[in-house]
Amino acid sequence: MLNLILFGPPGAGKGTQSEKIIAKYNLIHLSTGDLLRSEIQAGTELGLKAKTLMDQGILVPDEVVIGMIDNKLKEHRSAAGFIFDGFPRTVKQAEALDNLLASYNEGISVMVALSVDDDELLARLLNRGKTSGRPDDQNEELIAKRIQEYNSKTKPVADYYQEQGKFVAINGIGEIDHIFGEISEAIEAA
């Protein structure tokens, strides 16, 4: 089973590349945001718990998110693998994910990180804001804060997987197909 974490700051191209990865390797896409929304919509116990917390402006605890991921793993036992998008964001979450996967005799195959410098990220996000209408992509201060937050909080996660020999950095600037080719090489080497 191929279990991939696609990593990178906002605007690095994760959405574009994850579509190509899913198509080529037939992976199940696990986005924590999508998981939360679908569990809430389905009215599951975890979804109701998450909604109550979100309605209060409280972050959904790791154990609730891990429970939702566990539900997806159970639902797709015969899958070729999973691509984790937006998770893990902390070392604690990475450890919880590793423990969950180990309970299925699985593990993370590789973490692919798209590296893009901050100036390029700012330009990409401002451009995306013009077409998407997303308010968080139209404000330079908010964008800078999101990039800073990513850099400070998620760097330890990259270090965690690097210590396991599972981290590969890919230059996220260039032609989409060239970047995808490098991602494919990293996946196949894993």
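Residues numbered from 1 in each chain as written. Predicted model: local features only at pLDDT ≥ 70, side-chain atom pairs only at ≥ 80, totals over all residues. Heavy atoms only, no water.

**Student:** Pulling in residues and values, what's your account of the packing of aromatic side chains?
**Tutor:** Under the counting rule described, the total for this entry stands at three aromatic pairs. Centroid distance F7 to Y150: 5.6 Å. Interplanar angle 55°. Geometry classified as tilted. Taken together, the residues span a long stretch of sequence, with F7 in strand 1 (residues 2-7) and Y150 in helix 7 (residues 140-163) at a distance of 143 residues. Overall, the relative accessible area of 6% leaves F7 in the buried class. (Phe/Tyr/Trp six-rings, centres within 6.5 Å; stacked < 30°, edge-to-face > 60°. Helix = DSSP H or I, 4+ residues; strand = E, 2+ residues; numbered from the N terminus. Buried < 20%, exposed > 50% of the residue type's maximum accessible area, 1.4 Å probe, protein only.)

**Student:** Could you give an account of the sheet that holds strand 1, with specific residues and numbers?
**Tutor:** Taken in spatial order, the five strands of this open sheet run 2-3-1-4-5, and their pairing is parallel. The sheet is open, and its two borders are formed by strand 2 (28-31) and strand 5 (167-171), each paired with just one other strand. Each strand of the sheet is rotated relative to its neighbour by a mean of 25°, with strand direction disregarded. Pairing of strand 4 (residues 110-115) with strand 5, which is carried by five bridges, proceeds in the parallel orientation. In the sheet register, A113 faces strand 5, and the bridge partner there is A169. (Pairing = 2+ DSSP bridges. Axes fitted to C-alpha atoms, helices over the stretch in contact; angles between N-to-C directions.)

**Student:** Lay out the nonpolar core in plain terms, naming residues and giving numbers.
**Tutor:** If you look at the biggest cluster of nonpolar residues, it comprises 30 residues, and the most contacted ones within it are I5, F7, I69, F84, L97 and Y161. Within the residue set of this core, elements represented by two or more residues are strand 1, helix 2 (32-42), helix 4 (62-75), strand 3 (81-85), helix 5 (91-102), strand 4 and helix 7. With six residues, helix 4 is the single largest residue contributor to this core. Sequence-distant contacts of L97, defined by excluding residues within four places in its chain, comprise I5, I66, I69, F84, F87, P88, I108 and Y161. Membership of the second largest hydrophobic core comes to 22 residues, among which are Y25, I83, I147 and I179. (Core = buried A, V, L, I, M, F, W, Y, C linked by side-chain atoms within 4.5 Å. Contact = heavy atoms within 4.5 Å.)

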